[in-house]
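Architecture and fold: a report
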Amino acid sequence: MEGSSQSGRERSENSRGLNSSGIVDRNSRFCYDSGFSDVNCLKDQQGRRTIGSSTSSKDVSLRHWLDNPERNVDALECLHIFTQIVEIVNLAHTQGIVVHNSSSGHMVQTLEANKNRQIEEKKHTFPMKQILHLETNWYNSPEEVDEAPSTCASDIYRLGVLLFELFCTFNSSDEKIATMSCLRHRVLPPQLLLKWPKEASFCLWLLHPEPSSRPKMGELLESEFLRTPRHDLEEREAAIELREKIDEQEILLEFLLLIQQRKQEAVENLQEIVSFVSSDIEEASKMQTTLKIKGGSSLERAKRLNSRRTDITEDDDSGSSGSRKRFRLGTGEESDGHQDESQKPERQIEYKGSILAKSSRLMKNFRKLETAYFMTRRRIVKTMDKPTSRRCQTSTECRSSGTATERSSLSNLSSKRGCKEDGEIGFINSYLEGLCKYFSFSKLEVKADLRQGDLLNSSNLVCSLGFDRDGEFFATAGVNKKIKVFEYNSILNADRDIHYPVVEMANRSKLSSICWNGYIKSQLASSNFEGVVQVWDVTRSQLFMEMREHLKRVWSVDFSVADPTMLASGSDDGSVKLWNINQGVSVGTIKTKANVCCVQFPVDSGRALAFGSADHKIYYYDLRNSKLPLCTLVGHNKTVSYVKFIDSTTLVSASTDNTIKLWDLSSCTSRVLDSPLQSYTGHMNVKNFVGLSVADGYIATGSETNEVVIYHKAFPMPALSFKFNSTDPLSGDEVDDSAQFISSVCWRGQSSTLVAANSMGNIKLLEMV
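The residue count restarts for each chain, going from 1 along the sequence in the order it is written. Local features in this predicted model are restricted to residues of pLDDT 70 or higher, and side-chain atom pairs are both shown and tallied only at a pLDDT of 80 or more, whereas totals for entire chains, interfaces and linings draw on every residue. Excluded from the side-chain calculation are hydrogens and water; included are all heavy atoms of the structure.

1. What to know about the packing of aromatic side chains
Centre distance within 6.5 Å is the pairing criterion for rings of Phe, Tyr and Trp, where only the six-membered ring of Trp is used; planes under 30 degrees apart are then read as stacked, over 60 as edge-to-face, and the remainder as tilted. Per the stated rule, a full pass over the model turns up 20 aromatic pairs. Pairing Tyr 438 with Phe 439 gives two aromatic rings, centres 5.0 Å apart and planes at 90°, and the pair type is edge-to-face. Classification of residues uses two cut-offs on accessible area relative to the type maximum, computed with a 1.4 Å probe and protein chains only: under 20% is buried, over 50% is exposed, and between them is partly exposed. Taking the relative accessible area as the measure of exposure, Tyr 438 reaches 1% and is therefore buried. Accessibility expressed as a relative area gives 8% for Phe 439, which makes it buried. Arranged with centres 6.4 Å apart and planes meeting at 45°, the rings of Tyr 698 and Trp 747 form a pair that is tilted. Pair noted here: Tyr 698 is in strand 31 (residues 698–702) and Trp 747 is in strand 36 (residues 742–747), with a separation of 49 residues, a long-range link. Under the relative-accessibility criterion, Tyr 698 is labelled buried at 6%. An aromatic cluster of three or more residues is present, and its members are Phe 467, Phe 474, Phe 486 and Tyr 488. By the criterion adopted, a ring carries a charge over it if an Arg CZ or a Lys NZ lies within 6 Å of its centre and within 35 degrees of its normal. A cation over an aromatic ring shows up here: Arg 553 above the ring of Phe 529, its NZ or CZ 5.1 Å from the ring centre. Each helix corresponds to a stretch of at least 4 residues labelled H or I by DSSP, and each strand to a stretch of at least 2 residues labelled E; elements are numbered beginning at the N terminus.

2. Comments concerning unusual backbone geometry
The phi dihedral of Glu 147 falls on the positive side, at around 65°, and the residue is not glycine. Located in the positive-phi region is Asp 696, a residue other than glycine, with phi close to 55°. Inspection of the secondary structure puts Asp 696 in the loop between strand 30 (692–695) and strand 31.

3. Regarding the side chain of Ser 512
Mapping Ser 512 onto the fold places it in strand 13 (residues 511–516). Here Ser 512 falls in the buried class, since its relative accessible area comes to 7%. Throughout this description, a polar contact denotes any pair of N or O atoms lying within 3.5 Å of each other; where both atoms belong to protein, one of them has to be capable of donating a hydrogen while the other can accept it, and for residues adjacent in sequence the pair is counted only when both atoms sit in side chains. Polar contacts involving the side chain of Ser 512 include one to the side chain of Ser 527, which spans 2.9 Å. Reaching out from Ser 512, the side chain makes a polar contact with the backbone oxygen of Val 554 at a distance of 2.4 Å. We call two residues in contact whenever any of their non-hydrogen atoms come within 4.5 Å of each other. Setting aside chain neighbours within four positions, we find Ser 512 in contact with Cys 463, Ser 464, Ser 527, Asn 528, Phe 529, Val 554 and Trp 555.

4. A short note on the pairing of strand 22 (residues 608–613)
With 6 of 6 residues buried, strand 22 is to be regarded as a mostly interior element. The side-chain alternation of strand 22 yields two buried faces, one formed by Ala 608, Ala 610 and Gly 612 and the other by Leu 609, Phe 611 and Ser 613. When DSSP finds at least two bridges between two strands, those strands are taken to pair. One ladder, built from 4 bridges, connects strand 21 (residues 596–600) with strand 22; its direction is antiparallel. Bridge assignment links Val 596 to a residue of strand 22, and that residue is Ser 613. Pairing of strand 22 with strand 23 (residues 617–622), which is carried by 5 bridges, proceeds in the antiparallel orientation. Bridging from a neighbouring strand, Phe 611 pairs with Tyr 619 of strand 23.

5. Here's the deal with the pairing of strand 19 (residues 575–580)
Judged by how many residues are buried, strand 19 sits mostly within the fold: 6 of 6 residues are covered. Burial along strand 19 is two-sided: Ser 575, Lys 577 and Trp 579 facing one way and Val 576, Leu 578 and Asn 580 facing the other are all buried. Two strands pair when backbone bridges link them, and strand 18 (residues 566–571) and strand 19 are joined in this way by 5 bridges, in the antiparallel orientation. Among the inter-strand pairings, Gly 570 is bridged to a residue of strand 19, identified as Val 576. Counting the residues that bridge the hairpin from strand 18 to strand 19 gives 3 residues, and of these Gly 574 lies at a positive phi of roughly 80°. The antiparallel pairing of strand 19 with strand 20 (residues 585–591) creates a hairpin that spans 4 residues between the two strands, and Gly 584 there sits at a positive phi of about 80°.

6. Quick look at the confidence of the model for the protein
With 70% of its residues at a pLDDT of 70 or more, the protein shows a mean pLDDT of 77. Here pLDDT means the predictor's own confidence in every residue, given as a number from 0 to 100. Of the regions scoring below 50 in pLDDT, residues 1–35 engages in 83 contacts with residues more than four places distant in sequence or in other chains. Scored below 50 in pLDDT, residues 38–57 shows 73 contacts in the model against residues more than four places distant or in partner chains.

7. Brief notes about the sheet that holds strand 30
On the basis of which strands lie adjacent, the open sheet formed by 4 strands has the order 30-31-32-33 and antiparallel pairing. The outermost strands of the open sheet, each flanked by one partner alone, are strand 30 and strand 33 (720–723). Across the sheet, the mean angle separating the axes of adjacent strands is 15° when strand polarity is ignored. Pairing between strand 31 and strand 32 (residues 707–712): 5 bridges, direction antiparallel. Bridge pairing in strand 32 links Thr 701 to Val 709. Interaxial angles span 0 to 180 degrees and are taken between N-to-C directions of axes, which are lines fitted to C-alpha atoms, for helices over the stretch in contact.

8. Some remarks on empty space enclosed by the protein
Cavities and pockets are defined on a 1 Å grid built over the protein atoms alone: a cavity is a set of grid points where a 1.4 Å probe fits but cannot escape, while a pocket is an open set with protein on both sides within 12 Å along at least five of seven lines, and lining residues are those with an atom within 4 Å of any such point. Grid points are joined across faces, edges and corners, and a volume is the space filled by probe spheres set on the points. Taken as a whole and judged by the stated rule, the model has 2 cavities of 30 Å³ or more. The computed volume of the largest cavity comes to approximately 90 Å³. What lines the largest cavity is a set of 13 residues, among which Gln 452, Asn 460, Val 462, Thr 476 and Asn 480 lie closest to the centre. Elements supplying a minimum of two residues to the lining of the largest cavity: strand 10 (473–478) and strand 11 (482–487). Ranked by residues supplied to the lining of the largest cavity, first place goes to strand 10 with 3 residues. Of the residues in the lining of the largest cavity, the class split is 5 nonpolar, 6 polar and 2 charged. The space that makes up the second largest cavity amounts to roughly 40 Å³. Forming the walls of the second largest cavity are Leu 163, Phe 164, Phe 167, Leu 192, Glu 199, Ala 200 and Cys 203. Looking at the lining of the second largest cavity, its residues break down into 6 nonpolar, no polar and 1 charged. Residues are sorted three ways: Asp, Glu, Lys and Arg are charged, Ala, Val, Leu, Ile, Met, Phe, Trp, Tyr, Cys and Pro are nonpolar, and all the rest, Gly among them, are polar.

9. Thoughts on the nonpolar core
Definition of nonpolar core: a set of buried residues of the types Ala, Val, Leu, Ile, Met, Phe, Trp, Tyr and Cys, connected through side-chain atoms within 4.5 Å. Within the largest apolar cluster, 41 residues are counted, with the highest numbers of intra-cluster contacts made by Phe 82, Leu 159, Phe 164, Leu 166 and Leu 220. Going through the elements one at a time, helix 2 (62–66), helix 3 (75–94), helix 5 (128–139), helix 7 (152–167), helix 8 (173–183), helix 10 (197–206), helix 11 (217–222) and helix 12 (224–316) are the ones with two or more residues in this core. If one sorts the elements of this core by residue count, helix 7 sits on top with 9 residues. Each residue touching Leu 166, except ones within four places of it in the same chain, is listed here: Trp 65, Leu 66, Arg 71, Val 73, Cys 78, Ile 81 and Phe 82. Membership of the second largest hydrophobic core comes to 28 residues, among which are Ile 273, Ala 700, Val 708 and Leu 754.

10. Thoughts on the pattern of salt bridges
Note on definitions: salt bridges are taken to be side-chain nitrogens of Lys or Arg within 4 Å of carboxyl oxygens of Asp or Glu. Applying the stated criterion across every chain yields a total of 25 salt bridges. Across the pair Lys 521 and Asp 468 runs a salt bridge, and its minimum N-O distance is 2.5 Å. A residue pair is termed long-range when its members are at least 10 positions apart, and Lys 521 in the loop between strand 13 and strand 14 (523–528) and Asp 468 in the loop between strand 9 (462–467) and strand 10 qualify at 53 residues. The buried category is assigned to Asp 468, whose relative accessible area is 6%. Put simply, Glu 472 and Lys 521 hold a salt bridge, and the shortest N to O gap is 3.4 Å. With a gap of 49 residues between them, Glu 472 in the loop between strand 9 and strand 10 and Lys 521 in the loop between strand 13 and strand 14 connect regions that are remote in the sequence. What makes Glu 472 partly exposed here is its relative accessible area of 39%. On the basis of relative accessibility, which here comes to 23%, the residue Lys 521 falls in the partly exposed class.

11. A few points about a nonpolar patch on the surface
Residues Leu 252, Phe 255, Leu 256 and Ile 259 make up a contiguous nonpolar surface patch of about 360 Å² in total accessible area. Relative to the assigned elements, Ile 259 resides in helix 12. With relative accessibility at 35%, the residue Ile 259 sits in the partly exposed group. A patch consists of residues whose relative accessible area exceeds 30% and which take part in no salt bridge; residues with like charges are grouped when within 9 Å of each other, and nonpolar side chains (Val, Leu, Ile, Met, Phe, Trp, Tyr) when within 5 Å. Surface exposure here means Shrake-Rupley accessible area, sampled with a 1.4 Å probe, where a residue is shielded only by the protein chains that are shown.

This is the structure in structure tokens:
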């Protein structure tokens, strides 16, 4: 029999049923040993439980599944597994193979089974070899115990043992060992006989001690015991398959509904956008039509006046030669009619060229302008919706209850529409103003270069610039320890190789900041690296006052415009000090936990103060109660280097986090404001103080790319920029030096002119044109 088994195995290597590794391809792969228990239990594609030799970590071996004390016995499931193994054994028998070989103990054994046994042996404290030995004994037929050769009837006996294990569960290993020992004598547990009588009877038939009394494989396959559940199993499989298809359709339906919901939300959002864009177009068209009507009437009056003047001119020239000439309006030059007509297209071309230039800039920045428009527009819509939210809710409730009259609904609608129209008109005017100012100038032009005699000095970095009250003089201060005052017009008009200051005042330490008094024209305050705050009389070139209360470097000083006797300073010692220049001592101190880098009074009040700190925050104080800040502005990621007030409630801050932010202090309902109105990016500022100045809605700043960058408060992208080039000391030519940066900027009042300096000490007067 052993020889026949060997020859059968050789014949089977080329068969499609059973291969040399003991794996049968029949809808799924199966692997088994003498006890049929080292196979893996898994689910096939239809969701039915099958057995196989998959090495996946998620698969469960049949032995592990059988020994699970919490396993619930499902008759159809157990019979399905049993039927599969019966078919495998039958396939082996038809090829002349007996599954179990008494001499080797195993006929077919896969590498996967060996791996599983090694893993199980590591996991269990009970010796795995002993368990395997017991299992082998349980599955050995009586004739094999008597050392008789294995036969097909021996495999039938093993099927009986497997059937018993499938329908019988055990709470412990000891209970199983005792029960399996009784099974050798065909003694079955009472609970099995009571719960599964038909299965118990069939099991006893397979476990008959006489091989000849056991059923043949053909009888086993054709038995009513296996045929009956097949129909039920097919029905269950069909139901499972149907359920899975329904689940798949539900998943698809849920996916499609989710897409529909999101697209619907996008449509509603787009409809809202189109709605207020359309209303803005309508409003802008109305305004344009009104202007055209006004312009048309003005043009008609101008034409009538022009024609009247032409008639007078023709009468005067009637006695002269036939070539008609008339004076060009506003000039003393003569021109004939043909020349005047020929110049009209030139003026039109120039006008169209201006429009095309603006259109080019508009298209270049279209995305950013669009983003700014929608951000501002949504903020306006939210502001308009807040007061009417309760009324709208009430209207909705009335409409749903049917108690509101048509008149009241129309009244609510019209009042709401009226509010929105007012808000929309305000928004259009505001946005148009910002757009016009953004496109009002096309470039920054150099009006004058300030040439100083000490350009070769390596310590020429200008830390601070400032114009006096009337814009007649501007001062520079920096690491050269000097305050230099220049006359604006003389720099602008004189073409000189070297410009000399009208006043020069020396200091013992490097200067960090200067500020002119907005009321006393000749008074200038400064701060230095030694922590000293000084007030100078520029007219006399003398030090007027010196205050030494800070413990470390003072970064910033600022005079109050509303109270010119009030001066503030911020220092690395973490304090802001308030000074009265009539007393010469500090009259108040605000302590913080971090270095103070900048201080600024509002333009219309001496009772409030804002300052920026190295802890990334801006603090706004009411000086009448300096214990706690009135508002803390949170949003920067690095040191706040500058703060400037645009108006009494709007503040601009710059930081080395590469951004400038616009804040609305009136929207600070709590003590923390973390939502800036606008964030400006386009310059580079990650480590140096590059300057900040505001005028008429324009924000000027420096950049570490050696550029001056101009923003308008309405839009987050630069409107203009100008790049400084270093001057070669030998040739005098300008060269690009990437190591340099803009160190300070300052507007000349509310004009379009500013002064800017870089880290080499180059100072230029620039104008927006």
